[in-house]
Amino acid sequence: MFLPTFNTEISDALCKDIAKRSKGVCFLGFSHGKDSVLAFLQLSRYFKRIIPFHCASIPNMKFVTSILDYYEYEFQTKILRLMGEDLVM
């Protein structure tokens with residue numbers, strides 16, 4: 001798979017430091033857009049485990065469900081599916 005490079009010395013050092021502090025685990029808000037996909041690919045260079053999550057305001061929309069299923073297959077990672085109110089504290 002082609003992985004575009006967005007590294008600078010500062011971002012590389014920052015990602016390495018955060019990966020070390022978090023023991024290689026990070027959460028990623030995953031909207032299923034191009035920025036989320038590239039963020040996943042970039043983070044995969046530094047983190048052993050990425051936990052993507054998707055917040056929806058309307059449950060079970062077919063086109064959203066199918067695109068999340070696609071990325072789960074491509075990334076071989078479960079995407080947590082939450083409703084917006086699940087995040088309210």
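This text goes with the structure placed above it.
Predicted, not measured: the structure shown is a model, and the values here were computed from it.

Visitor: Which residues make up the overall build of the protein, and what are the values?
Guide: Along the protein, the regular secondary structure elements total 3 helices and 3 strands. Taken from N to C terminus, the helices and strands of the protein fall in the order α-β-α-β-α-β. The contacts of the protein with a sequence gap of at least 6 include a subset with a gap of at least 24, amounting to 68%. Roughly 6500 Å² of accessible area belongs to the protein as shown, and the carbon and sulfur atoms make up 62% of that amount.

Visitor: Summarise the pairing of strand E3 (residues 80-83); cite the residues concerned and give the values.
Guide: The pairing of strand E2 (residues 49-56) with E3 spans 4 bridges and is parallel. Counted as the bridge partner of His 54 is Arg 81 from E3. For the handedness criterion, the β-α-β arrangement of E2, helix H3 (residues 62-75) and E3 is classed as right-handed.

Visitor: Can you tell me about the sheet that holds E2, naming the residues and giving the values?
Guide: On the basis of which strands lie adjacent, the open sheet formed by 3 strands has the order E1-E2-E3 and parallel pairing. In this open sheet, the two strands that pair with only one neighbour each are strand E1 (25-29) and E3. Neighbour-to-neighbour, the strand axes of this sheet turn through a mean angle of 30 degrees, independent of strand direction. Contacts from helix H2 (residues 34-43) reach E1 and E2, with the element oriented near 170 degrees to E1. Relative to the sheet, H3 contacts E2 and E3, its axis offset from that of E3 by approximately 150 degrees.

Visitor: Can you tell me about the nonpolar core, naming the residues and giving the values?
Guide: Counting 17 residues, the largest nonpolar core has Phe 30, Phe 47, Ile 50 and Phe 75 as its most contacted members. For this core, the elements supplying multiple residues, two or more each, are helix H1 (9-21), E1, H2 and H3. Apart from residues lying up to four places away in sequence, Phe 75 is in contact with Phe 30, Val 37, Phe 40 and Leu 41.

Visitor: Kindly report on the pattern of salt bridges, identifying the contributing residues and their values.
Guide: Side-chain pairs of opposite charge can arise where the charged atoms are in close proximity. Tallied over the entire structure, the rule returns 5 salt bridges. Of the charged contacts in the structure, one is a salt bridge between Arg 21 and Asp 17, with a shortest N-O distance of 2.9 Å. Placement of both Arg 21 and Asp 17 in helix H1 is noted, with a separation of 4 residues, approximately one turn of the helix. The residue Arg 81 makes a salt bridge to Glu 72 at a minimum N-O spacing of 3.1 Å. Using a relative accessible area of 15% as the deciding quantity, one classes Glu 72 as buried. What emerges from the salt-bridge pattern is a single network uniting Asp 69, Glu 72, Lys 78 and Arg 81.

Criteria and thresholds
Residues numbered from 1 in each chain as written. Predicted model: local features only at pLDDT ≥ 70, side-chain atom pairs only at ≥ 80, totals over all residues. Heavy atoms only, no water. Helix = DSSP H or I, 4+ residues; strand = E, 2+ residues; numbered from the N terminus. Contact = heavy atoms within 4.5 Å. Areas by Shrake-Rupley, 256 points an atom, 1.4 Å probe, with all protein chains shown as cover. Pairing = 2+ DSSP bridges. Right-handed = clockwise from strand over helix to strand, strands pointing away. Axes fitted to C-alpha atoms, helices over the stretch in contact; angles between N-to-C directions. Core = buried A, V, L, I, M, F, W, Y, C linked by side-chain atoms within 4.5 Å. Buried < 20%, exposed > 50% of the residue type's maximum accessible area, 1.4 Å probe, protein only. Salt bridge = Lys/Arg side-chain N within 4 Å of Asp/Glu carboxyl O.

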